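Take a look at the letters that make up each chain.
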Amino acid sequence: IGVVCRHAAASLHNASEIAGLPLIGTSRILQRCLSPFALRHLPKTFVFAILVAATIASLVYVQADFNIRGQGQLMPTHYRHIFAPADGVIEQISVHHADAVTAGTPLLTMRRSELELEEARLLGEVLTNQKRLDAVRSARLSHKSGSASSAAAFHDLTSEEARLQLLLSSLRDQQEILKRERAELAIASPIDGEVITWGIEEELSRRPVRRGERLLSVADSGGPWQVELRISDRDIEHVLAARRAVEVLDVSFIVTSHTGEEFHGSVKDVAMATELDEHDRPTVLVLVALDGQQIPDLRPGARVVANVHCGRRAVGYVWLRELFDVVRTRLLF
């Protein structure tokens, strides 16, 4: 033990002196950094450097298909959503799911109690003022002129007749407005097609609705079809750039109801404005034209997952594009 203590004391003393030397920490860091370049480690370092350089070169120079993914739904090109024209109650339903309709076919009839009360009030005012007007006209026609007071009375009757005529004209204009509003409560189909809304009777019968609320939808399933695709706002610039570069921008997609089958179409139009989807995410609507004959059993509203083919880019960008976007928008900006 005594011998070991003497040697250990000398070692600890030397280690303490070395640790106290200036820049000893920096020297140790440099030693660790330069150790791969030591003569005995140089072959391994050279192989590792070649692998890293080859990987970076592959990420930069090797090309891969650059696709922008989006989700949407399959819909006929010609369809219309029917909205409530005013607050009211659904009084009559004239169609059911899958019924064929033509433009002008009655769909729903609404009722507004406030409108009926206003019509009754206006009718009462029209009848009352019409009786007053008839009485004034009768008095004016039977009036005998002569004295100054008679002339003044005749002038008053003439003024009253003119006032009542203006009032009746205004009331009749209001009646016409109410008549048009009542006509709007009889909702008709704006296009030829079929009703694609399910459970209309259960959902709408005798139900109060608010102005602008969607009631049902009519679609022309026999006509052309399209995909209504939602592309993220941060990706739409790639789609627009690719569309400017080629005449026809191809799209491949799958329909979730036809798993295992891939279909093809082309970008028909891109919306000018960004909108929020049902999850409050900013997206842009992209319409994709397609041949409906290639998809069996077309069903409106079928969910679609699509890839918009935006050419070829470096494989590193294709794989790490989202990481680059995060660095650019959150770290560098």
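Reading guide: rules and limits
Residues numbered from 1 in each chain as written. Predicted model: local features only at pLDDT ≥ 70, side-chain atom pairs only at ≥ 80, totals over all residues. Heavy atoms only, no water. Helix = DSSP H or I, 4+ residues; strand = E, 2+ residues; numbered from the N terminus. Buried < 20%, exposed > 50% of the residue type's maximum accessible area, 1.4 Å probe, protein only. Contact = heavy atoms within 4.5 Å. Core = buried A, V, L, I, M, F, W, Y, C linked by side-chain atoms within 4.5 Å. Pairing = 2+ DSSP bridges. Patch = residues over 30% accessible without salt bridge, like charges linked within 9 Å, V, L, I, M, F, W, Y side chains within 5 Å. Areas by Shrake-Rupley, 256 points an atom, 1.4 Å probe, with all protein chains shown as cover. Salt bridge = Lys/Arg side-chain N within 4 Å of Asp/Glu carboxyl O. Polar contact = N/O pair within 3.5 Å; in protein donor to acceptor, adjacent residues only side chain to side chain.

A. Region of interest: unusual backbone geometry. Not every positive phi belongs to a glycine, and Ala-98 is a case in point at roughly 75 degrees. Tracing the backbone through its elements, the reader meets Ala-98 in the loop between β3 (88-93) and β4 (100-101). Relative accessible area serves as the criterion here: at 44%, Ala-98 is assigned to the partly exposed category. For Arg-206, which is not glycine, the phi dihedral falls at a positive 60 degrees. Along the chain, the position of Arg-206 falls in the loop between α6 (200-204) and β8 (208-209). Accessibility expressed as a relative area gives 58% for Arg-206, which makes it exposed.

B. Geometry of the environment of Leu-229. Within the element layout of this structure, Leu-229 appears in strand β10 (residues 225-232). For the pair Leu-229 and Ile-196, spaced 33 residues apart in the sequence, the C-alpha separation amounts to 20 Å. Once you skip the residues sitting within four places of it in the chain, Leu-229 turns out to touch Gly-70, Gln-71, Gly-72, Val-284, Leu-285, Val-286, Val-288, Ala-306 and Val-308.

C. Examining the nonpolar core more closely. Grouped together as the largest cluster of nonpolar side chains are 29 residues, with contacts concentrated most on Ile-90, Leu-107, Leu-108, Leu-215 and Leu-216. At the level of secondary structure, the elements contributing two or more residues to this core comprise β3, β5 (106-111), α4 (113-141), α5 (148-184), α6 and β9 (214-219). With 28 residues, the next largest nonpolar core counts Phe-66, Leu-229, Val-270 and Val-304 among its residues.

D. Summary view of the side chain of Glu-161. Position of Glu-161 relative to the elements: it lies in helix α5. Residue classification places Glu-161 among the buried residues on the basis of a relative accessible area of 8%. Those residues in contact with Glu-161 that lie beyond four places of it in its chain are Leu-133, Val-136, Arg-137 and Arg-140.

E. Layout of the sheet that holds β4. The strand order β2-β9-β7-β4 describes an open sheet built from 4 strands, whose pairing is antiparallel. The two strands at the open ends of the sheet, each matched to only one other strand, are β2 (79-83) and β4. Pairing analysis gives 5 bridges linking β2 to β9, with the strands arranged antiparallel. Residue pairing across strands places Tyr-79 opposite Ala-219, the latter belonging to β9.

F. Seen up close, the sheet that holds β5. Across the sheet, which stays open at both edges, the 4 strands sit in the order β6-β5-β3-β8 with antiparallel pairing between neighbours. The strands lining the two open edges of the sheet, one partner per strand, are β6 (186-188) and β8. With 3 bridges connecting them, β5 and β6 associate as antiparallel partners. By the bridge assignment for β6, Thr-109 is matched with Ala-186.

G. Local environment of a nonpolar patch on the surface. Together, Phe-48, Val-52, Ile-56, Val-60 and Tyr-61 make up an exposed nonpolar region whose accessible area comes to about 550 Å². Along the chain, the position of Val-52 falls in helix α3 (residues 42-61).

H. Local environment of the side chain of His-258. Topologically, His-258 is positioned in the loop between β11 (250-255) and β12 (263-270). Side chain to side chain, His-258 and Ser-257 meet in a polar contact 3.0 Å long. Setting aside residues no more than four positions away along its own chain, His-258 makes contact with Phe-263, Ile-295, Pro-296 and Asp-297.

I. Spatial organisation of the pairing of β12. Pairing geometry for β11 and β12, over 4 bridges, is antiparallel. Each bridged residue has a counterpart across the sheet, and for Ser-252 the counterpart in β12 is His-264. As paired strands, β12 and strand β14 (residues 282-290) are joined by 5 bridges and run antiparallel to one another. Considered in β14, the bridge of Ser-266 is made with Ala-289.

Shape descriptors only; they carry no functional weight alone.
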